[in-house]
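Structure assessment
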Amino acid sequence: MQANGTGGQDAEPQLSCRNGEPSSSSAAGAVHSNGLLSSANNGLVSTESPVTADAGMKKKKRLSQSDEDVIRLIGQHLHGLGLNQTVDLLMQESGCRLEHPAATKFRNHVMEGEWEKAESDLNELKALMHSPSAVVRMKFLLLQQKYLEFLEDGKVLEALQVLRAELTPLKYNTERIHVLSGYLMCSNSDDLRAKAEWEGKGTASRSKLLDKLQTFLPPSVMLPPRRLQSLLRQAVELQRDRCLYHNTRLDCDSNLDSFSLLIDHVCSRKQFPCYTQQILTEHCNEVWFCKFSNDGSKLASGSKDTTVIIWQVDPDTQQLKLLKTLEGHAYGVSYLAWSPDDAYLIACGPDDCSELWLWNVQTGELRTKMSQSHEDSLTSVAWNPDGKRFVTGGQRGQFYQCDLEGNLLDSWEGVRVQCLWCLSDGRTVLASDTHQRIRGYNFEDLTDRNMYVDHIEVFVLSSVGSLMCPGVHLWDLQDRVLIRKYQGVTQGFYTIHSCFGGFNEDFIASGSEDHKVYIWHKRSELPIAELTGHTRTVNCVSWNPALPGLMASASDDGTLRIWGPAPFMDVNKLLVQVIQTLTIQTCGVSEERVWHAHRK
């Protein structure tokens, strides 16, 4: 095949020529089995006799259906790039056609705005469609475009005629016809485009119309728009989904330019938060809980040492530094909850603590210290999505809803709460109780119902409606079915707080009584990473919601560990260090002796 544009001296063939219509520059050639006329060999006029050409055609290997599909896909893509002569040569040499000739005529008439001819083409296409009744819907779309273009051109009478005499008699989608009639009141074309959410008369709106019309036609007649790009996008998405360590945004929705199609997509474990970046030792006793703020800019940690420390996250270096220390929690801090806007932080204590602290994060001042009764045990808390209320409770039968001043708004008696979570509807609160079940409570109508029964003590929800509880078990919140049980973690006596995290919350992380942090991909029962470093039970893990490569863990060893990707090592610097080490070892002297020798 010759390069694009190297055919004869005649004018460039139109799309209809390569789809089975004779070209004005065609020489008398052999007829292909698919109805195309062979006009040239590689762009040159054939000098062979018809008999010789027929003999050559018989020797040509017959293409399989998949081969023909691939050729059509490539042809469509090249046509979209404007390489029309290349497409002509490809179709001619392969003996395929890009689309049915009737579809080509229909396409051209739509793009040229010849609506009467396009309607006439529908009669020819009707015989090729799986559902002939779809002709009515296609005609409705055509007439709608025709009507809008008349309105934009200021031809109100013509538009009204289309509405009354053509659209209405179809007796299809009368609700939409009422909406279209309202556009007659638009003051100008800009107003029309805005109200109709329409691009206006021209190539853009007609191309969108064609995309809609194609959905009613079989792909053998007209290929779906940008079909090759769609298949490539699906392939990339599948590779991304199968990649256990994929933890970054792969934007294949808009274009395919952000990654290579020449190699398979594989992420390295070194890009995953499996490596200790920092060890925070400011707490002087067991660290029971840690939680990143909703915007990922801060980390809060609570300890048996009676303090809460707020850490600032540097988004560039992903290093943490101490920002504020909040003191005075006499029983220690076993649970923390950020308000939806990260302006406030609530701290709860262990089982024998009847107090709850609500801190102003910016000023570091205590806004509310709440205690309804010395007999209470306020060990868990959850914010309402409106940020103006929260629910709290414990194992002694208290379950309260309060405002920011600690005023009691509602209460539920006899509910021994271990963990709480407010759903996005702002009405339903999920609570695990001492019967190791989860129930849903509605404070507005004071109703409750069983949700799950599976030896559940604490749990966490993902943003997409998945629920995770110790074990580690994954549930579907909507269907209330167990999806998966994850293996590896060791949990007996202690309460361990797990989390969802990573890009799109594709991962689950949990501490363990064997001093490790375990990470699973949601679809894999076996852990994809086991992180070592802590020397005692890991009580809590939190994944940064804004920086998917950053994770924190809290342990009874009194430390917080910040996990991230493998540190970058300058190859040249590393090579120099290796050469220097080897040189010193070869000489049999230490660096100190070399330095002393130099001094002498």
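Procedures and definitions
- Residues numbered from 1 in each chain as written.
- Predicted model: local features only at pLDDT ≥ 70, side-chain atom pairs only at ≥ 80, totals over all residues.
- Heavy atoms only, no water.
- Helix = DSSP H or I, 4+ residues; strand = E, 2+ residues; numbered from the N terminus.
- Buried < 20%, exposed > 50% of the residue type's maximum accessible area, 1.4 Å probe, protein only.
- Contact = heavy atoms within 4.5 Å.
- Areas by Shrake-Rupley, 256 points an atom, 1.4 Å probe, with all protein chains shown as cover.
- UniProt positions renumbered as here; feature names shortened; annotations may be inferred.
- Axes fitted to C-alpha atoms, helices over the stretch in contact; angles between N-to-C directions.
- Parallel < 35°, antiparallel > 145°, perpendicular 65-115°, else oblique.
- Nonpolar A, V, L, I, M, F, W, Y, C, P; charged D, E, K, R; others polar.
- Phe/Tyr/Trp six-rings, centres within 6.5 Å; stacked < 30°, edge-to-face > 60°.
- Left-handed = near helix turned anticlockwise from the far one by under 90°.
- Pairing = 2+ DSSP bridges.
- Expected span 1.5 Å × (residues − 1).

Identification of the protein chain as WD repeat-containing protein 26 from Danionella cerebrum is taken from an unreviewed UniProt entry.

1. Notes on the overall build of the protein chain
Counting its secondary structure elements, the protein chain contains 14 helices and 28 strands. Looking at the 600 residues of the protein chain, the share that counts as buried comes to 45%. Within the protein chain, contacts between residues separated by at least 24 positions form 50% of all contacts whose residues are at least 6 apart in sequence. Summing over all exposed atoms, the protein chain offers an accessible surface of approximately 31,000 Å²; the carbon and sulfur share of this is 50%.

2. Things to note about the UniProt feature "repeat: WD" (unreviewed entry) in the protein chain
Those places that UniProt annotates as "repeat: WD" (unreviewed entry) correspond, in this numbering, to residues 280–321, 326–357 and 531–563. A helix fraction of 0% and a strand fraction of 38% characterise residues 326–357, whose end C-alpha atoms lie 10 Å from each other. Along residues 531–563, the helical share is 0% and the strand share 48%, with 9 Å between the first and last C-alpha atoms.

3. Some remarks on the packing of helix 3 (residues 65–80) against helix 12 (residues 227–242)
In contact at an axis separation of 8 Å, helix 3 and helix 12 are set at 110° when each is read in the N-to-C sense. Considering their axes alone, helix 3 and helix 12 lie roughly perpendicular with respect to each other. Residues Leu73, Gln76 and His77 of helix 3 touch helix 12, and the partners they reach there are Arg227, Leu228, Gln229 and Leu231. For the contact of helix 3 with helix 12, the residue count by class is 3 nonpolar, 3 polar and 1 charged.

4. Overview of the packing of aromatic side chains
In this structure the tally under the stated criterion is 10 aromatic pairs. With centroids separated by 6.0 Å and ring planes inclined at 75°, the aromatic side chains of Phe272 and Trp543 adopt a geometry described as edge-to-face. Placement of the pair is Phe272 in the loop between helix 12 and strand 1 (275–280) and Trp543 in strand 26 (residues 538–543), with a sequence separation of 271 residues. Owing to a relative accessible area of 5%, Trp543 belongs among the buried residues under this scheme. A centroid spacing of 4.8 Å and a plane angle of 45° characterise the contact between Phe289 and Tyr335, whose relative ring orientation is tilted.

5. Describing the packing of helix 3 against helix 4 (residues 84–94)
Two numbers describe how helix 3 lies on helix 4: the axes approach to 8 Å, and their chain directions differ by 165°. For the element pair helix 3 / helix 4, the angle class is roughly antiparallel. Note on packing geometry: the crossing formed by helix 3 with helix 4 is left-handed. On helix 4, the residues that touch Ile71, Ile74, Gly75, Leu78 and His79 of helix 3 are Asn84, Thr86, Val87, Leu90, Met91 and Ser94. Grouping the amino acids of the contact of helix 3 with helix 4 by side-chain chemistry returns 6 nonpolar, 5 polar and no charged.

6. Comments concerning the pairing of strand 6 (residues 335–338)
Alternating residues of strand 6 divide into Tyr335 and Ala337 and Leu336 and Trp338, and every residue in both groups is buried. Sheet topology places strand 6 next to strand 7 (residues 344–348); 4 bridges connect them, and they run antiparallel. Within the sheet, the bridge partner assigned to Trp338 lies in strand 7 and is Leu345. What sits between the antiparallel neighbours strand 6 and strand 7 is a turn of 5 residues, in which Asp342 has the positive phi angle 65°.

7. Some thoughts on helix 7 (residues 134–152)
The first and last C-alpha atoms of helix 7 sit 28 Å apart over 19 residues, in line with the 27 Å expected at 1.5 Å per residue. Within helix 7, 15 of the 19 residues are buried, which leaves it mostly tucked inside the rest of the structure. Remark: Gly154 follows helix 7 within two positions and exhibits a positive phi of approximately 80°.

8. Topic: the sheet that holds strand 6
The antiparallel open sheet is built from 4 strands, whose spatial order is 6-7-8-9. Here the strands that pair on one side only, and so sit at the sheet edges, are strand 6 and strand 9 (366–370). Neighbouring strand axes in the sheet, compared pairwise and without regard to direction, differ in orientation by 15° on average.

9. Some words on the side chain of Thr379
Looking at where Thr379 falls in the secondary structure, it is placed in the loop between strand 9 and strand 10 (380–383). Ignoring sequence-local partners within four residues, the contact set of Thr379 consists of Tyr335, Cys348, Gly349, Pro350, Asp351, Gly393, Gly394 and Val417.

10. Details of helix 4
Of all 11 residues in helix 4, 9 are buried, a share of seventy percent or more. Those residues of helix 4 not exposed but buried are Asn84, Thr86, Val87, Asp88, Leu89, Leu90, Met91, Gln92 and Ser94. Two residues or fewer past helix 4, Gly95 is found with a positive phi of approximately 80°.

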